[in-house]
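# Structural characterization, general
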Amino acid sequence: MNASENAAESTPALPALCAHDVLSNSDLFYVHFDERGRSVTLGFSRVHGSEGVEFFLRFPDVREVRVRGWGAPGQKDVHVEKAPDGTVQVSASAAGSSLRFRAADVTLSRTREFLASSSP
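Residues numbered from 1 in each chain as written. Predicted model: local features only at pLDDT ≥ 70, side-chain atom pairs only at ≥ 80, totals over all residues. Heavy atoms only, no water.

What follows covers unusual backbone geometry. The phi torsion at Asp61 lies on the positive side, around 50°, for a residue other than glycine. Its location among the elements puts Asp61 in the loop between β3 (51–59) and β4 (63–68). In this model, Glu64 sits at a positive phi of 55°, which is unusual for a non-glycine residue. As for its position among the elements, Glu64 is in strand β4. (Helix = DSSP H or I, 4+ residues; strand = E, 2+ residues; numbered from the N terminus.)

Printed below as a string of structure tokens:
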């Protein structure tokens, strides 16, 4: 999970999307806890020039959840790493907020490309 991808590339590979530099330079705009499947879905958005991409990572069988405050959507320091026991460790933090959990795995649940307007 160390490679990088540009936002303009279509259907980037999951390991590339889970790279620290990709996640931390994307806006984390969506966090959904689903108690029925004990899962968490995180939604990210990246813009590169006039092209953007949204992607959603789903983490099943979540445990050891810790949440401390939560700020507005935006860039956070995000890490997704395989632990020695085979689980996936996830952390997302920014000033005054943090989210941490373990999950059985990570899957790419959806992507969407879009045209982005250029800012003045």
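Time to look at the sheet that holds β4. One open sheet holds the four strands; their spatial order is β4-β8-β7-β6, and the pairing between them is antiparallel. Each edge of the open sheet is held by one strand with a lone partner, namely β4 and β6 (77–82). Looking at each pair of strands side by side, their axes are set apart by 5° on average, direction ignored. Here six bridges tie β6 to strand β7 (residues 88–94), and the two strands are oriented antiparallel to one another. The residue bridging Lys82 from the neighbouring strand is Val88, located in β7. (Pairing = 2+ DSSP bridges. Axes fitted to C-alpha atoms, helices over the stretch in contact; angles between N-to-C directions.)

Right, let's talk about the nonpolar core for a bit. Core analysis: the biggest nonpolar cluster contains 22 residues, and Leu42, Phe44, Leu57, Phe59 and Phe101 have the highest contact counts within it. Looking at this core, the elements that each hand over two or more residues are α2 (20–24), β2 (39–48), β3, β6, β7 and β8 (97–103). Setting aside its immediate chain neighbours within four residues, Leu57 contacts Leu14, Cys18, Leu23, Val40, Thr41, Leu42, Phe44, Val106, Thr107 and Leu108. (Core = buried A, V, L, I, M, F, W, Y, C linked by side-chain atoms within 4.5 Å. Buried < 20%, exposed > 50% of the residue type's maximum accessible area, 1.4 Å probe, protein only. Contact = heavy atoms within 4.5 Å.)

A cluster of nonpolar residues, Val31, Phe33, Val65, Val67 and Trp70, forms a patch on the protein surface that exposes about 400 Å² of accessible area. Contributing elements (two or more residues each) for the nonpolar patch: β1 (27–34) and β4. Turning to its location among the elements, Val31 is positioned in strand β1. Accessibility expressed as a relative area gives 31% for Val31, which makes it partly exposed. (Patch = residues over 30% accessible without salt bridge, like charges linked within 9 Å, V, L, I, M, F, W, Y side chains within 5 Å. Areas by Shrake-Rupley, 256 points an atom, 1.4 Å probe, with all protein chains shown as cover. Salt bridge = Lys/Arg side-chain N within 4 Å of Asp/Glu carboxyl O.)

Moving on, we get to the packing of aromatic side chains. All chains considered together, the criterion is met by four aromatic pairs. A ring pair is formed by Tyr30 and Phe56, whose centres lie 5.5 Å apart and whose planes are at 80°; its orientation type is edge-to-face. Taken together, the residues span a long stretch of sequence, with Tyr30 in strand β1 and Phe56 in strand β3 at a distance of 26 residues. A relative accessible area of 33% places Tyr30 in the partly exposed class. Residue Phe56 is classed as buried on the basis of its relative accessible area, which comes to 7%. Ring centres of Phe59 and Phe101 lie 5.3 Å apart, and the angle between their planes is 75°; this geometry places the pair in the edge-to-face category. Remark: Phe101 occurs in strand β8 and Phe59 occurs in strand β3; sequence separation between them is 42 residues. You'll find Phe59 and Phe101 in the same group, each marked buried. Ring pairing ties together the aromatic residues Phe29, Tyr30 and Phe56, which thus form one cluster. Over the aromatic face of Trp70 sits the side chain of Lys76, whose NZ or CZ is 4.9 Å from the ring centroid. (Phe/Tyr/Trp six-rings, centres within 6.5 Å; stacked < 30°, edge-to-face > 60°. Lys NZ or Arg CZ within 6 Å of the ring centre and 35° of its normal.)

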